[in-house]
Amino acid sequence: MKVPFLDLSKMDSELKNRLERKFKELLEHGVFSGGKEVESFESNVSEFLSSPYSISCANGTDALELALRALGIGPGDEVIVPALTWVSTAEVVSMVGATPVFWDTDQEGLLADDWVLAVTNRTKAIIPVHLYGKMVSMENLIIKAKEQGLLVIEDAAQAFGAFQSGIAAGTWGDVGCLSFYPTKNLGALGEAGMCLTKDQKIAEKIRLLRNHGQKKKDKHQIVGRNSRIDTLQAGFLNVFLQKFKIHQEKRKSLASIYYHNLRPIRDLKFPENIMEADHNAHLLVIQIEKRDELQRFLSGNGITTSIHYPEIIPDMQPYLAKGKFLNSRKLTQLGLSLPLNAFMTEKEVDFVVSKIQEFFQRG
Ligand SMILES: *Cc1c(COP(=O)(O)O)cnc(C)c1O
């Protein structure tokens, strides 16, 4: 048996048919940028997440950059970001001319809650990342951020559909950013992203920035850019959104197979909270001392795993920064992401489980 980490060609035929019908419909309609499909996608997300303003854009990285620009963050400003995340989180801070200030995570990869120690008189904002789909404790974070006078930009790129105290990931901060990259829980058949906000003025600013600063055609009010979503992607996302709950149930039920079988293994640290509502089970990252050995063993048995991420950002050449970042660094050495997605079978998960059990029984 071969178990890929994620194979999107394995979508079921019913879903593929729906996507083909949507493509045909849009081809007949002849509108490929903006239009009703984009508007309905934005309002569908608004409704699903109870988000007052949802502004689609070209990808999740752009969503973060548009958020920073709309909030007026730029040269001379510092922004606190976790040392362990996908590069986008730090990249966008540098792209707007501000300085990312890295802070360690906890053992699970979420921003450590003593981040207040990183605040200086230049700090303007903080970007909590809901890494692997598990939400940072937002109530606490927002209270502390407001005490410090900081803006909060939520990087919810991995956490679509996670809810904390009934409030959706991405709707807690001043702006929340989503990615619909194909491998995310809600993924397009290409690139797409979105900003969420409660503030009408910020929403307006993001809409302007993503469309050349124009509200009306040819009336350019500010300097902007093109970061619009494709109509086709909005259409496909409308189809995927209808399936989202079913896909999440599948993910969670597969995660529970891993949970029940792997949790008892002493030398393996299992992400305990993966079954909770504020974790969307985007990635299942176990931690083991013999990580590389286990990865090789699984690979030899046809199972593909992944590492999120092999290097912390402050160790990367464009972002070099001093600091110990002990927990983040440890995760780069011990963390291993197991295959988990809505398009795999229980049999495949059972196979992965049995091979991991075999690895530990061999000693
Ligand atoms: C995927 C991701 C992004 C960026 O999204 P893209 O759509 O790929 O640009 C940003 N932050 C995190 C944590 C991500 O996982």
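Presented here is a report on the structure given in the accompanying data block. The shown structure was predicted, so the numbers you read here are calculated from the model rather than taken from an experiment.

Each value, and the rule that gives it
Residues numbered from 1 in each chain as written. Predicted model: local features only at pLDDT ≥ 70, side-chain atom pairs only at ≥ 80, totals over all residues. Heavy atoms only, no water. Near = heavy atom within 4 Å. Areas by Shrake-Rupley, 256 points an atom, 1.4 Å probe, with all protein chains shown as cover. Helix = DSSP H or I, 4+ residues; strand = E, 2+ residues; numbered from the N terminus. Nonpolar A, V, L, I, M, F, W, Y, C, P; charged D, E, K, R; others polar. Buried < 20%, exposed > 50% of the residue type's maximum accessible area, 1.4 Å probe, protein only. Polar contact = N/O pair within 3.5 Å; in protein donor to acceptor, adjacent residues only side chain to side chain. Contact = heavy atoms within 4.5 Å. Pairing = 2+ DSSP bridges. Axes fitted to C-alpha atoms, helices over the stretch in contact; angles between N-to-C directions. Phe/Tyr/Trp six-rings, centres within 6.5 Å; stacked < 30°, edge-to-face > 60°.

**Re the site of the ligand**
Inference 1: Neighbouring the ligand are 14 residues, the closest being Gly 60, Thr 61, Gln 158, Ser 179 and Lys 184.
Inference 2: Here the ligand loses 93% of its free accessible area of 380 Å² to cover by the protein chains.
Inference 3: Sorting elements by how many residues they give to the shell around the ligand places helix α3 (residues 60-70) first, with three residues.
Inference 4: Considering only residue class, the shell around the ligand consists of five nonpolar, seven polar and two charged.

**Here we look at the side chain of Gln 158**
Inference 1: For Gln 158, the location among the structural elements is in the loop between β5 (151-155) and β6 (163-164).
Inference 2: For Gln 158, a relative accessible area of 7% puts it in the buried group.
Inference 3: Here Tyr 309 takes part through its side chain, which lies 2.9 Å from a polar atom of the side chain of Gln 158.
Inference 4: Beyond its immediate sequence surroundings of up to four residues, Gln 158 is in contact with His 130, Leu 131, Tyr 132, Gly 133, Lys 184, Asn 280, His 282, Leu 283 and Tyr 309.

**Thoughts on the sheet that holds strand β2 (residues 78-82)**
Inference 1: Across the sheet, which stays open at both edges, the seven strands sit in the order β1-β9-β8-β5-β4-β2-β3 with mixed pairing between neighbours. Looking along the sheet, the strands with just one partner apiece sit at the ends: β1 (53-57) and β3 (99-103). Going across the sheet, the axis of each strand differs from the next one's by a mean of 25 degrees, ignoring polarity.
Inference 2: Note that β5 and strand β8 (residues 175-179) share three bridges and pair parallel. In the strand pairing of β8, Asp 155 is matched with Cys 177.
Inference 3: Set on the sheet, α3 makes contact with β1, β5, β8 and β9 (193-197); between it and β8 the angle comes to about 165 degrees.

**Topic: unusual backbone geometry**
Inference 1: The amide bond that connects His 308 to the next residue, Tyr 309, takes the cis arrangement and shows omega of 10 degrees.
Inference 2: Residue position: Tyr 309 is located in the loop between α8 (291-300) and α9 (326-334).

**A short note on the pairing of β1**
Inference 1: Counting buried residues in β1 gives four out of five residues, a clear majority hidden from the surface.
Inference 2: Direction of pairing for β1 relative to β9: antiparallel, over a ladder of five bridges. Bridging from a neighbouring strand, Ser 54 pairs with Leu 196 of β9.

**As for the packing of aromatic side chains**
Inference 1: Applying the stated rule across the entire model yields ten aromatic pairs.
Inference 2: With 5.9 Å between their ring centres and 35 degrees between their planes, Trp 86 and Tyr 309 make a pair best called tilted. Of this pair, Trp 86 sits in the loop between β2 and α4 (88-95) while Tyr 309 is found in the loop between α8 and α9, placing the two residues 223 residues apart along the sequence.
Inference 3: Judged by its relative accessible area of 48%, Trp 86 is partly exposed.
Inference 4: Residue class for Tyr 309 comes out buried when judged on its relative accessible area of 11%.

The analysis is restricted to geometry; functional conclusions fall outside its scope.
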